[in-house]
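Structure assessment
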Amino acid sequence: MDEVTRSAAHVDTVSRAAQSPDVEQPWLELGLKSDEYERIREILGRRPTSAELAMYSVMWSEHCSYKSSKVHFSLWGENTTDEMRERLLVGIGENAGVVDIGDGWAVTFKAESHNHPSYVEPYQGAATGVGGIVRDIMSMGARPLAVMDPLRFGNLNHPDTLRVLPGVVAGVGGYGNCLGLPNIGGEVVFDDCYQGNPLVNALCVGAMRVEDIHLAKASGVGNKVVLFGAKTGGDGIGGVSVLASETFDEGGPTKRPAVQVGDPFAEKVLIECCLDLYAAHVVDGIQDLGGAGLSCATSELASNGDGGMRVELDRVPLRDASLRPEEILMSESQERMMAVVEPSRLGQFLEITDRWDVEATVLGEVTDGDHLVITWHGEVIVDVPPRSVAHEGPTYHRPLERPAYLDVLHDSTPDSLPRPADAEGLKADLLSLLASPNLCDKSWVTDQYDRYVQGNTALAMPDDAGVVRVDEQTGRGVAISTDCNGRFAKLDPYAGAQLALAEAYRNVATAGAVPLAVTDCLNFGSPEDPGVMWQFREAVRGIAEGCRHLGIPVTGGNVSFYNQTGDTAIHPTPVVGVLGVMDDVARRTPSGWKAPGQVIYLLGRTRDELGGGEWAHALHGHLGGRPPRVDLDAERLLADILVNASRDGLVDAAHDLSDGGLAIALAEATLRYGVGARIWLDAVCERDRIDLFTALFSESAARAVVAVPRSEEVRFTDMCTARGQVHARIGVVDDETDGLDLQGQLTVTLAELRDAHTGTLPAVFGR
Amino acid sequence: MGNVVIDVMLKPEILDPQGQAVGGVLPRLGFEQFTEVRQGKRFVLTVDGDVTQEHLSAARQAAEKLLSNPVIEDVVSVRAEGSAQ
Amino acid sequence: MKIGVVTFPGSLDDRDAVRAVGAVGAEAVPLWHGDADLRAVDAVVLPGGFSYGDYLRCGAIARFSPVMEALVPAARGGLPVLGICNGFQVLCESHLLPGALIRNDHRKFSCLDQRLVVENAATAWTSQFEQGQEITIVLKNGEGGFVADDRTLDELEGEGRVVFRYAGDNPNGSYRAIAGITNERGNVVGLMPHPEHCVEPGYGPSLDGLPFFTSVLQAMAQA
């Protein structure tokens, strides 16, 4: 390595900064505003060094500091009651929230976006998205259990979708499969609005014993700060190279890649190594290295602790010896963790990392006082109050304004769209919908994910929720679902966010689990657009107030802004994940019926609600009117009925009604195991004063279909009646019927259903 | 028939987990003299007749456009292998 | 009865294999890749996963691990060994079984509930099946295409060493739809599908994985 370029003489030190206050610094290129730069100078009482400037610029970025969104986060706290907090062991603000699921088990889950990187380099972007969220879960002390990936792409037939989707799916699978984490669900949604801004969200769930929860904090003076995992390279620091080129002219670094490359094998080894470290009780505090790398890990650990921290940056093992100190601080190289370890346990710590062939390096220690000091070959290059970097970044009160487009959209109702007049037309619409990009069979995607590894998966795609066992002895486990219809949110972000919440909540209950907690991944356009900011505020308010109504807390989440091309933002897309608990997941309820003779009930009331729905979108390219009405009391009751019915063995199959309405739910429940059904809807039409078309395609919320064994029918209907759950007997499972027979109206054979359902994705992407 | 041989490597600054894994096992087998391993891809494009300058220039374009991902890879060489028969 | 389950760095289904061994009442003994010690087990499972990241070729690096130095001669001496998925790849790279596994013909990882036909119910790991029985076992891999030269394939067929064949559509382009094979002695079996995922009601598509493990218990009892 070139000693000249690495020597301290060429590095911008604190003492040099104090002596040269007037040096021009590239704060603008690093994305800071002039008042932000001034504030840094104020905090430090001098100009920042290059390394400090790098740290502040990345930690004060929208992505790390939530500067545009955090003023709205008070809505979470204001809407969380003491009762909701009861099961909340760790709330918003940590790497991930943690809930108590009983029997001494704690479960942590979180979703994160990796949208832009996945557009630039679909495979690596998606892969490192999975890697990042898994490390978040690991850093809580948990063993990761499963992942899910809500994905959104542009038009299925656009050539760029052919580039982005296969890469993203291969990346999610390539990384997750190699980590040995089952992928148990998610979404695949197509809409023109995501053409230049695909959404790649990743969710991970993990579990630990309640007493094993770990937090990201550095405390205990003299405790060692250890970096372990992969070596540090120049990954993902394209943005900071401006600093390097400003500061150094000779021997400067080569071009830095903006793309991070993931090594799932290194992460798998890191997971097992961390679990051994936790089991040996040799870790005091732990933090993963993700966005903003060491800048984030050191400042957050120090900020959350009760002392300061001193770090010798030149000790960081490098993959590329030409890296400058500020680049090392910013590098987003993957598969790295930072731990705080008591000196007496360091030996044992290093024995464990050795056994796994994981490189571990003591970088420094926890100190008295409240300063984060970073040195480079003995010279101080960073000396900052860590809170000012990690937690006291700028806060913006961005202007909000209800966008004018709303009135236009609301006036353009789906009432004017041509509804099929006869049975022939209804059947044609059913089959077209079933083949449409958003409702077609997604196994081309989901078959690329390992859903069985670890042997704890009780339900996965295409069922309503993913269900995994946590406790091998008792079968106690969790169910998770993520949902969002961005078109609903476009028409009304408050209601749209609540409908996303309601659907995820309903899905979890449909599988038989009691909903417990919520995470979100809020994907929006530019916060500098007052209309987008208004959408954001409305969506946050919708989720927060909805959660209060349902009595389940938001435990954490993620905000992704700037998902827009030019002035055109994506539909507001607040993806909501709900987690539920089951005593024994082997008793979960699948979404399809199997047993002939079982009676099919429709739960909930149907109204003429097609605004933002799949029928208007897929068949008529229409978006307008109002989304379906939100009725959270009805959702609560329905969930209660579904969970109790599952627990008492009153239902053998249950499927939620959402995109595409009853028609699609019936088709999917039939296709699941290839067992047909006879259906009659006259009574429902009469009761709800709707026609057959509306009964089939409306997307009214708070509905589900269930299959009830005949022996349990009386108990089931008695329970519904006693609780006031609207229910109607609409059919019977019948293996003599080929497909669906809507009595007296129309029949659709299994082959017709299957052909329509399964052909769409292979036609575009191949076998 | 002639062949155009194209070699594609990950850019030097991009992590190469494959190369790393191979590099890790070599010393165990007694090969201790190699300090780093990087793994790449080779494409062989066959043309009728001898390879001409036009073939090479087209191959270069194909290499940039399709055979490599310019975000993470470099085309390190495009050359004629000469007549295969 | 003690059945060893090897963990390589990057093994993924080792915990599942341990669970499957327990499900038939045998004792699972963890074996570490770095120790050339089989800990006096009566049989060994090489589990699925991506040993050493499966970089270079699947199983190519695992083959040189210390545990394989102990396992290869033991297997040649008659120790029952089951290689599942990555374990099958390791067995082929170690030349305990012929042939090789290459990338699926559709070039994707795929996870399926796969139907198989049991073609040889006389090996150490298949005696509890009926010859010709159709079973459903999870298949999940990116490189599951079994290939070998024609002479080897004919030999395998002629000697009844094809243990499992894919039923229905060939899921990955394996030559002659071969899903699993055995050595001449019938003690070493390798297959791409994952029997350890099919041993518990409520998890996995079937219970068709259990007979693998009851078979080896019987083989061990007779040995």
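Remember, it's a predicted structure, so these values are computed and weren't measured experimentally.

1. Regarding the overall build of chain C
In terms of helices and strands, chain C carries 5 helices and 11 strands. For chain C, the spread of C-alpha atoms along the three principal axes comes to 40 × 35 × 35 Å. Looking at chain C as a whole, 60% of its 223 residues qualify as buried. Contacts in chain C between residues at least 24 apart in sequence constitute 75% of all its contacts with a sequence separation of at least 6.

2. With respect to the overall build of chain A
Each helix and strand in chain A was counted, giving 30 helices and 28 strands. Over its C-alpha atoms chain A spans a radius of gyration of 27 Å, differing by no more than 12% from the 27 Å that the globule rule assigns to 767 residues. C-alpha atoms of chain A, sized along the principal axes, occupy 90 × 55 × 50 Å. Here chain A, with 767 residues, has 62% of them falling under the buried criterion. Summarising the internal contacts of chain A: among those between residues at least 6 apart in sequence, 85% fall at separations of at least 24.

3. A few points about the interface of chain C and chain A
Taken together, the 26 residues of chain C in the interface contact 22 residues of chain A. Only helix H1 (14-23), strand E6 (110-118) and strand E7 (134-141) of chain C provide two or more residues apiece to the side of chain C that touches chain A. Taken together, the residues of the side of chain C that touches chain A break down into 10 nonpolar, 9 polar and 7 charged.

4. Some remarks on helix H18 (residues 423-435) of chain A
Residue and element names in this part refer to chain A. Its 13 residues place the ends of H18 18 Å apart at the C-alpha level, agreeing with the 18 Å of an ideal helix rising 1.5 Å per residue. Of the positions making up H18, those classed as buried are Leu-426, Leu-430, Leu-433 and Leu-434. For H18, the arc enclosing every buried residue in end-on projection is 100°, short of the 170-degree limit, so these residues lie on one face. The secondary structure elements touched by the buried residues of H18 are helix H23 (614-620), helix H25 (661-673), helix H27 (692-697), strand E28 (746-748) and helix H29 (750-758).

5. Looking at the environment of Asp-429 of chain A
Residues and elements named next belong to chain A. With respect to the helices and strands, Asp-429 occurs in helix H18. Overall, the presence of 19 C-beta atoms within 10 Å leaves Asp-429 in the partly exposed class. Sequence-wise, Asp-429 and Arg-469 are 40 residues apart; in three dimensions their C-alpha atoms are separated by 39 Å. The residues contacting Asp-429, other than those within four sequence positions of it, are Pro-420, Trp-615 and Leu-619.

6. Things to note about helix H13 (residues 293-304) of chain A
Taking 1.5 Å of rise per residue, the 12 residues of H13 of chain A would be expected to cover 16 Å, and the 17 Å separating its terminal C-alpha atoms lies within 8% of that figure. Buried residues dominate H13 of chain A, accounting for 12 of its 12 residues.

7. Brief notes about the interface of chain A and chain B
Of the residues lining the interface, 15 residues belong to chain A; the matching set on chain B comes to 7 residues. Residues belonging to the side of chain A that touches chain B are distributed by class as follows: 6 nonpolar, 3 polar and 6 charged.

8. Brief notes about unusual backbone geometry
Cis peptide bonds are those with omega within 30 degrees of zero, and the linkage from Met-461 of chain A to Pro-462 of chain A qualifies with 0°. Mapped onto the elements of the fold, Pro-462 of chain A is located in the loop between strand E14 (457-459) and strand E15 (466-469). Located in the positive-phi region is Arg-39 of chain C, a residue other than glycine, with phi close to 50°. Following the sequence through the fold, Arg-39 of chain C ends up in the loop between strand E2 (27-32) and strand E3 (43-46).

9. With respect to the packing of helix H22 (residues 530-550) of chain A against helix H24 (residues 632-647) of chain A
Residues and elements named next belong to chain A. With their axes 9 Å apart at the nearest point, H22 and H24 run at an angle of 45° to one another. With respect to their mutual orientation, H22 and H24 come out oblique. Like other packed secondary-structure pairs, H22 and H24 cross with a definite hand, here right-handed. The residues of H24 that touch H22, namely those facing Gly-546, His-549 and Leu-550, are Leu-632, Glu-635 and Arg-636. Here the contact of H22 with H24 is composed, by residue class, of 2 nonpolar, 2 polar and 2 charged.

10. Structural notes on the pairing of strand E11 (residues 360-367) of chain A
All names here are of chain A. Among the 8 residues that make up E11, 6 are buried, leaving the element largely enclosed by the rest of the structure. Bridge count for strand E7 (residues 224-229) against E11 is 5 bridges, and the pairing is antiparallel. Across the sheet, Lys-224 pairs through a bridge with Glu-365, a residue of E11. Of the strand pairs in this sheet, strand E9 (residues 308-312) and E11 are connected by 4 bridges, and their pairing is antiparallel. By the bridge assignment, Gly-308 is partnered in E11 with Thr-367.

11. Details of the nonpolar core
In this structure, Val-107, Val-478 and Val-706 of chain A are the most contacted members of the largest nonpolar core, which totals 319 residues. Broken down by element, the residue count for this core peaks at 11 residues, all from helix H21 (residues 493-510) of chain A. Judged by nonpolar contacts, the second largest core, of 6 residues, contains Val-4, Ile-6, Ala-59 and Val-78 of chain B.

12. Overview of the confidence of the model for chain C
Across chain C, the average pLDDT comes to 96, with 100% of residues at 70 or higher. Confidence estimates for the predicted assembly give a pTM of 0.93 and an ipTM of 0.96.

13. What to know about the sheet that holds strand E24 (residues 677-679) of chain A
All names here are of chain A. Spatial ordering of the open sheet is given by E23-E25-E22-E26-E24-E27-E28, a layout of 7 strands whose pairing is mixed. The outermost strands of the open sheet, each flanked by one partner alone, are strand E23 (653-656) and E28. For this sheet, the mean inter-axis angle between neighbouring strands, taken without regard to orientation, is 20°. Note: strand E27 (residues 740-742) against E28, 3 bridges, orientation antiparallel. Within E28, the position partnered with Asp-741 by the bridge is Thr-747. Of the strands in this sheet, strand E22 (599-603), E23 and strand E25 (704-708) touch H24, which is tilted by about 25° from E25. Of the strands in this sheet, E22, E23, E24, E25 and E27 touch H25, which is tilted by about 145° from E23.

14. A short note on the packing of H18 of chain A against H25 of chain A
All names here are of chain A. Two numbers describe how H18 lies on H25: the axes approach to 10 Å, and their chain directions differ by 70°. In this view, H18 runs roughly perpendicular relative to H25, as classed from their interaxial angle. As for the relative orientation of H18 and H25, their crossing is right-handed in sense. Contacts between H18 and H25 involve Leu-430, Leu-433 and Leu-434 on the former and, on the latter, Ala-663, Ile-664 and Ala-667. Split into classes, the residues belonging to the contact of H18 with H25 amount to 6 nonpolar, no polar and no charged.

Scoring rules and cut-offs
Residues numbered from 1 in each chain as written. Chains lettered and ligands numbered in written order. Predicted model: local features only at pLDDT ≥ 70, side-chain atom pairs only at ≥ 80, totals over all residues. Helix = DSSP H or I, 4+ residues; strand = E, 2+ residues; numbered from the N terminus. Buried ≥ 20, exposed ≤ 12 C-beta atoms within 10 Å, placed from the backbone. Contact = placed C-beta atoms within 7 Å. Rg over C-alpha atoms; globule rule 2.2 N^0.38 Å. Nonpolar A, V, L, I, M, F, W, Y, C, P; charged D, E, K, R; others polar. Expected span 1.5 Å × (residues − 1). Arc of directions from axis to C-beta. Axes fitted to C-alpha atoms, helices over the stretch in contact; angles between N-to-C directions. Parallel < 35°, antiparallel > 145°, perpendicular 65-115°, else oblique. Left-handed = near helix turned anticlockwise from the far one by under 90°. Pairing = 2+ DSSP bridges. Core = buried A, V, L, I, M, F, W, Y, C linked by C-beta atoms within 7 Å. pLDDT = per-residue confidence, 0-100.

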